[in-house]
Structure formats: C-alpha cells, structure tokens
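Below, each chain spelled out in residue letters.
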Amino acid sequence: MINGEEKEFLCEPRQSLLEVLRDVLYLTGTKEGCNDGNCGACSVIVDGVLLDACCMLAVEAQGSRIETIEGLARGAELHPLQQVFLEDTGLQCGICTPGFLISAKALLDKHPNPDEQLVRHWLAGNLCRCTGYDKLVRSVLKAADTMAEA
C-alpha cells in the first residue's frame, strides 16, 4: 500500500524502492540524491519507520505500508508541515525538501511535541546545500505547535 492506495507493480529483483517509486509508479516527489543512503532526499516511511528508499529493494516492500511525499497533502489541503515550510521559507531549491518533510512527519508521528534537540537529531540524516538548518528546525517546531492546537 502506497499513500493509502493498493499498488501493484513488477520490478527487477535488483531495483531499489526509489527506482520503482520514480520510474515505475511515477511518484517523482521522492528525490534521488546520493543513491547510497547519505543525503536523505529519498526518505520514505515504511511501516512507520523512516528509511532511505535508495537503500531498500522494492521486492522487500511487498505487503508494507509506504508513505511518500505525494501522500502528505490531502487533496488540495496541505499538511501542516508543508504549510509551515511554505510560509516560513523552511525550504529553498526543493531537492531536499521532500526528504525533510517526510523525516519531520516521521518525527512528529512518534514525538508530537519535540524539542529543538530532538528535531535536529531526526533531521540529521538529511542534507541541504542551499540553506542553514535553523529555518527547517523552526518550521518543524512551529508545525508541531500548529498540529497540537488542531
């Protein structure tokens, strides 16, 4: 199941989940960065666990519940993380943004009221070449507050 929808696909045993998401299922929001698990651009949530899609074989995902950046918004309604990142310029070029958003969602799923240190720890696996991380961290903290008020 991907983003709440049953999906069937055929793939080669050697294909990564990232390759299948992008090239077979056309879910191109998950970005390819380093392709070796160091940048976090391809972050997805598999059965509640934050993973780099480039490091998981697609065949290993059979029967799993996968969340990608495409599943974050509900129709035209942005997820609070997306809204805050947009409003508070918690993003720049966009290559790393999907990975940061998915990592932040995984954090808030497990720890709805994180402190700055915990946010920095959870985002440590995501690299951004355009900006410092302060706006990203502040955006996650603000989204947590917004979600707590809802």
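Structure: see above.
Note that this is a predicted model, so its numbers are computed, not measured.

Participant: If you had to explain the sheet that holds strand β3 (residues 66–67) to someone new, which residues and values would you point to?
Facilitator: Either a parallel or an antiparallel arrangement is found when strands of a sheet pair, and the pairing is made through backbone hydrogen bonds. Taken in spatial order, the three strands of this open sheet run β2-β1-β3, and their pairing is antiparallel. Across the chains shown, the open sheet's two edge strands, defined by having one partner strand only, are β2 (49–52) and β3. Note that strand β1 (residues 43–46) and β2 share four bridges and pair antiparallel. Residue Val44 lies in a different strand from β2, and its bridge partner there is Leu51.

Participant: Describe the environment of Glu12, naming the residues involved and giving the relevant values.
Facilitator: Residue placement: Glu12 occurs in the segment before α1 (17–24). Classification of Glu12 by relative accessible area gives partly exposed; the value is 44%.

Participant: Requested: an account of the side chain of Ser43, with residues and values cited.
Facilitator: With respect to the element layout, Ser43 can be found in strand β1. Of the polar contacts made by the side chain of Ser43, one reaches the backbone oxygen of Gly40; its length is 2.8 Å. Contacts of Ser43, omitting those with residues within four sequence positions, involve Thr30, Leu50, Leu51, Asp52, Gly99, Ile102, Ser103 and Asn126.

Participant: So what's going on with the nonpolar core? Residues and values would help.
Facilitator: With 23 residues, the main nonpolar core has Leu81, Phe85, Phe100 and Val140 as its most contacted residues. When residues of this core are traced back to their parent elements, those giving at least two are α2 (80–87), α3 (97–110), α4 (116–123) and α5 (134–149). At seven residues, α3 tops the list of elements feeding residues into this core. In this view, Leu81 contacts Leu101, Ala104, Lys105, Leu108, Val140 and Ala143; residues no more than four positions away in its chain are not counted. Grouped together as the second largest cluster of nonpolar side chains are 16 residues, Leu17, Val46, Ala53 and Cys54 included.

Participant: Could you give an account of unusual backbone geometry, naming the residues involved and the relevant values?
Facilitator: Despite not being glycine, Asn35 shows a phi value in the positive range, around 60°. With respect to the helices and strands, Asn35 occurs in the loop between α1 and β1. A residue is classified by how much of its surface remains accessible, and Asn35, at 41% relative accessible area, is partly exposed. Residue Asp47 is not a glycine yet carries a positive backbone phi of 50°.

Calculation rules
- Just so you know, the residues in each chain are numbered from 1, in the order the chain's sequence is written.
- A pLDDT threshold of at least 70 governs which residues receive local features in this predicted model, and a stricter bar of 80 or more applies before side-chain atom pairs are shown or counted, although totals over entire chains, interfaces and linings include all residues.
- Note that the side-chain values use all heavy atoms of the structure and ignore hydrogens as well as water.
- Two strands pair under a simple rule: DSSP has to find at least two bridges between them.
- Working definition: helices are DSSP H or I runs of at least four residues, strands are E runs of at least two. Numbering for both runs from the N terminus.
- Exposure is judged per residue with a 1.4 Å probe applied to protein chains only, and the accessible area is read against the type maximum: over 50% gives exposed, under 20% gives buried, and values in between give partly exposed.
- Any pair of N or O atoms that falls within 3.5 Å is considered a polar contact. Within protein, one atom must be able to donate a hydrogen and the other to accept it, and sequence-neighbouring residues count only if both atoms are side-chain atoms.
- Should any heavy atoms of two residues lie within 4.5 Å, those residues are considered in contact.
- Definition used in this section: a nonpolar core is a set of buried Ala, Val, Leu, Ile, Met, Phe, Trp, Tyr and Cys residues joined via side-chain atoms within 4.5 Å.

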